[in-house]
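Here are the chains, one letter per residue:
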Amino acid sequence: MRSIHTTLLMSAASALALTVASAAFAAEADAPADGVQVEQLIVTAQKREQKVIDVPVALTAYSGAMLDTLGIQEFEELSLFVPGFEVQNQSPNNPGFVMRGITSDSGEATNEPRVSVYQDGVSISKSRGSYIELFDLERVEVAKGPQSTLYGRGALIGAVNIIQAKARPEFATSAKLEAGNFGYWLAEGMVNAPVSDTVSVRLAGRVKHRDGYVKNLLGGEDFNSTDTAAVRLAVNWRPNDRLNTDLLINYQNDAPSGTSFKSLTYLPTDPNTGKVLGDLGRNSGAALTSVAGFENNQKLGLERDVFSATALASYKLSDSFSLASTTAFRRFAGEEVFDADGFSLPLFTFAEDAQGKSASQDLRLNYDAGGKISAFGGLSYFWEDGTQRVPLLFNERAYAARLNGLGGLFKAPNVAGLDTINAIPAFAPFKSQHLESYTNYGKTKSYDAYADVTWKATDKLELAAGLRYTYDDKESGYASQLLNGGSVLGGSTATVARGLFVQPTKGGLPEYRSFTDSGVTYRVVGRYAVTSNANLYASVATGRRPKVVGGGTPATPGGAVRFSAIPAEEVISYETGAKGAFFDRRLTLDGAIYRYDYKNFQTSIRTASGQIISTNAGEASATGFEGQSTLQISANASIFGTYAYSHARFGNGLFKNNRFRLSPDNSLSLGANVSFGSPVGRFTVTPTYTWQSEVFFDNNNDRADLQTTGDVIQDEKQAAYGLLNLRVGYQPDNSALKFELFASNLLEQKYIKDAGNTGDAFGIPTFIAGEPRYVGVSVSIKH
């Protein structure tokens, strides 16, 4: 007997196909004459220019102008308007990209991303360097489903490609200033100019700041602020009609305040006296601290730099053949200090220092003679070298008090202050500061060969097939150290220094394991043109996440690193969809139904020491539907919407029948853009509403039987909620100036964006509040 969700999906498929067929013929027979149409984007998802409706992939694309209309500045905001795509932004250093239920957010140097993020085809997918500002863009393309043959090794379940604005042989400028509540301000600008007959230059930048929205009950900077500066230099050289080159250099700095990891186990208190300062609300103020001297006195928060240089070249060999080259170098370095226990006592304070460098070269030969066959094939090389260092600072006295319940000092929700704890003689032998650290290392050299062929079998039927072979030469490493001697609480003696949660490697030095991995991925696609503006398609595609070898703390001080190998994760995807533009392109409809089956599903779990390690969760599957539509009612009014249904579940193993983390079963977005004239100028109104159903923040779904710390309350989840945003613009007649009022989360919906986190491994889950209502004003000008 078919399951309910399978029946629903088949019904949706039937309705979609009937809609496409009937509306297509209606479009041919009855086309309005006023020429009002939905914006038609040209995309390059298949390595050639195509209309969105002709690409047989579940693809969402927005122009830079549409991003401005919606007020989208970051990936988290973008994801609200892309069906099947979610982005969680704890901080720019710790985002989670979720595609069709699958999360890619690990910061380990040894891990590979599932969801790839690209800038002009260059992978920037490592989690700690992937969250970048979205400004001065041509467009954004989000392709769902395994895209390894089109995008590369990291696109296991989808790819996000940011196409940046290039320098052009014309003079243009733009500028924008914004200000709002929570001390918000933004300044951005762009200037583009030709410097000769063959060379053009473009410079763009953005600086923005917003104070934190979770009150710091101990005084000082509030938590979850924004402090970002980004700049881009683009140079174009086009010496003739055959050769075109672009150089793009990006730099971004982020320095937000600390993330509000708030404990709901213990009340916010004064760390010294124990005086209660706040409540246990998920969105109310927090009392979080760092420790003097920790990581060179770095305060809670992030300091991150990202630099990249990309060279793009295309050369037309003949009317049929062209050669494309992409050369790139990228570097990121960021350190984030955070109060992992979520309350004021310095029970433990952690940091993450992630650094990475990568270089890549891709050469692709394209063939298109305008006949039945078009194709591309190429070779690519990718090199990466990264580290993730995690210092762990513990107050042994506070930890002993909580561990043993001595003197009733930790009696939830109350906790004693340090003055009381330090005065107890039983705690005198323990260290007030014990410092440990572990580091994982990852190096990769990867070689790819790929090819993709499209055959126009008839005027209406098009078949495509692609193949990619990948060979990886990898090295994983691990080291751990005791930085100020052994832990008394951990059982150190006069002759043996033991750690509290990690044991030192021999001499504190790293051990390495080298290994190789290889695999083949493919796609087979068919597209049938019902009319010139309506298409049906079906595809089978595979994706592969390479084998992982991770290191863990030795069993005894100075012992061997415990390496574990997780086999390659493999997925096969089945997808069918329909796309169409109807009534003279007044209406666009786009829908897809998919099924994924995973083998050796790689996931991450936290050990009792707080370390995050990879593990094999066995089999998993995901079934779903995605749809999007835009209706251009008139030249001055349009409505648009998206909807996604995702039934993503583990099939066996550790998390059998659990839902995937950060994956709502249902999500939708609705919006409108209306403009009208007046005697004093033109007004625009853009309301949007986004909604998602319940989500869990861990693959264990906070089930009591999967907890190792006695946590029996299933509260590490977010119930269904929606966000209403509004933008109102005014542009005087005959003026390049535009003024806007904007508000996000207009109804001030309270929600959380994460729960559990590192503290959960110690029985103290923490919660991160979502953004409150933001309001502001904007003035911009374009020439």
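Residues numbered from 1 in each chain as written. Predicted model: local features only at pLDDT ≥ 70, side-chain atom pairs only at ≥ 80, totals over all residues. Heavy atoms only, no water.

## Section: the pairing of strand S20 (residues 373-394)
As judged from the 19 bridges shared by strand S19 (residues 348-368) and S20, these two strands associate in the antiparallel manner. Within S20, the residue paired with Asp368 across the bridge is Ser374. Two strands pair when backbone bridges link them, and S20 and strand S23 (residues 434-456) are joined in this way by 22 bridges, in the antiparallel orientation. The residue bridging Phe382 from the neighbouring strand is Ser446, located in S23. (Pairing = 2+ DSSP bridges. Helix = DSSP H or I, 4+ residues; strand = E, 2+ residues; numbered from the N terminus.)

## Focus: the sheet that holds strand S5 (residues 95-99)
Reading across the sheet, the 3 strands line up as S4-S5-S6 and stay open at both edges, with antiparallel pairing between neighbours. One side of each edge strand has no neighbouring strand; the edge strands of this open sheet are strand S4 (85-89) and strand S6 (102-104). Taking each pair of neighbouring strands and ignoring which way they run, the sheet shows an average axis angle of 20 degrees. Relative to S5, S4 runs antiparallel, the two being bridged by 5 bridges. Residue pairing in the sheet places Gln88 in a bridge with Gly96 of S5. (Axes fitted to C-alpha atoms, helices over the stretch in contact; angles between N-to-C directions.)

## Here we look at the packing of aromatic side chains
Under the criterion given, the structure shown has 35 aromatic pairs. Through pairs of rings, three or more aromatic residues link up here, namely Phe261, Phe338, Phe348, Phe350, Phe394, Tyr399, Phe501 and Phe762. Residue placement shows Arg210 over the ring face of Tyr184; its charged tip is 4.1 Å from the ring centre. A cation over a ring is seen here: Arg232 above Phe135, with NZ or CZ 4.4 Å from the ring centre. (Phe/Tyr/Trp six-rings, centres within 6.5 Å; stacked < 30°, edge-to-face > 60°. Lys NZ or Arg CZ within 6 Å of the ring centre and 35° of its normal.)

## Some remarks on the sheet that holds strand S42 (residues 766-769)
Taken together, 3 strands build an open sheet; the order of strands is S16-S42-S41 and the sheet is antiparallel. Among the strands making up the open sheet, the edge pair consists of strand S16 (262-263) and strand S41 (752-756). As defined by bridge partners, S41 adjoins S42 across 4 bridges and the pair is classed as antiparallel. Bridged to Ala755 within S42 is Phe767.

## Brief notes about the pattern of salt bridges
In the structure shown here, the tally under the stated rule is 35 salt bridges. We note a salt bridge from Glu74 to Lys208, for which the minimum N-O separation is 2.8 Å. Taken together, the positions of Glu74 in the loop between helix H2 (64-70) and helix H3 (75-79) and Lys208 in strand S13 (residues 199-210) put the pair 134 residues apart, joining distant regions of the chain. (Salt bridge = Lys/Arg side-chain N within 4 Å of Asp/Glu carboxyl O.)

## Points about the nonpolar core
Side chains that are nonpolar tend, in soluble globular proteins, to be buried together. Of all hydrophobic cores here, the largest spans 38 residues; its most connected members are Phe75 and Leu78. Residues in contact with Leu78, not counting those within four places in the same chain, are Tyr62, Leu67, Ile72, Leu134 and Val140. Listed in part, the 34 residues of the second largest apolar core include Phe261, Phe350, Phe394 and Leu418. (Core = buried A, V, L, I, M, F, W, Y, C linked by side-chain atoms within 4.5 Å. Buried < 20%, exposed > 50% of the residue type's maximum accessible area, 1.4 Å probe, protein only. Contact = heavy atoms within 4.5 Å.)

## Some remarks on helix H6 (residues 396-404)
Taken residue by residue, H6 has Glu396, Arg397, Ala398, Tyr399, Ala400 and Ala401 as its buried positions. On its buried face, H6 sits against S19, S20, strand S21 (410-411), helix H7 (418-422) and S23. Where H6 begins, one side-chain oxygen reaches toward the backbone nitrogen of Arg397, 3.0 Å away; that side chain belongs to Asn395. (Polar contact = N/O pair within 3.5 Å; in protein donor to acceptor, adjacent residues only side chain to side chain.)

## A few points about a nonpolar patch on the surface
Residues Tyr381, Tyr447, Leu467, Tyr469, Tyr471, Val520, Tyr522 and Val524 make up a contiguous nonpolar surface patch of roughly 700 Å² in combined accessible area. Where the nonpolar patch is concerned, the elements lending two or more residues are strand S24 (461-482) and strand S25 (511-531). Position of Tyr471 relative to the elements: it lies in strand S24. Owing to a relative accessible area of 31%, Tyr471 belongs among the partly exposed residues under this scheme. (Patch = residues over 30% accessible without salt bridge, like charges linked within 9 Å, V, L, I, M, F, W, Y side chains within 5 Å. Areas by Shrake-Rupley, 256 points an atom, 1.4 Å probe, with all protein chains shown as cover.)

## Observations regarding the confidence of the model for the protein
Averaged over all residues, the pLDDT of the protein is 90; the fraction at 70 or higher stands at 92%. Taken as a whole, residues 1-33 scores under 50 in pLDDT and shows 39 contacts with residues more than four places along the chain or in a different chain. (pLDDT = per-residue confidence, 0-100.)

## Thoughts on the pairing of S19
Alignment of strand S18 (residues 321-338) against S19, held across 18 bridges, turns out to be antiparallel. The residue of S19 that forms the bridge with Arg331 is Lys357. Between S19 and S20, which pair antiparallel one after the other, the connecting turn spans 4 residues, and Gly370 there sits at a positive phi close to 80 degrees.

## Here we look at the environment of Arg238
Relative to the assigned elements, Arg238 resides in the loop between strand S14 (226-237) and strand S15 (243-254). When its relative accessible area of 41% is taken as the criterion, Arg238 is described as partly exposed. As for Arg238 and Arg168, which are separated by 70 residues in sequence, their C-alpha atoms are 9.8 Å apart. Leave out the neighbours within four places in its chain, and Arg238 touches Thr198, Leu243 and Asn244.

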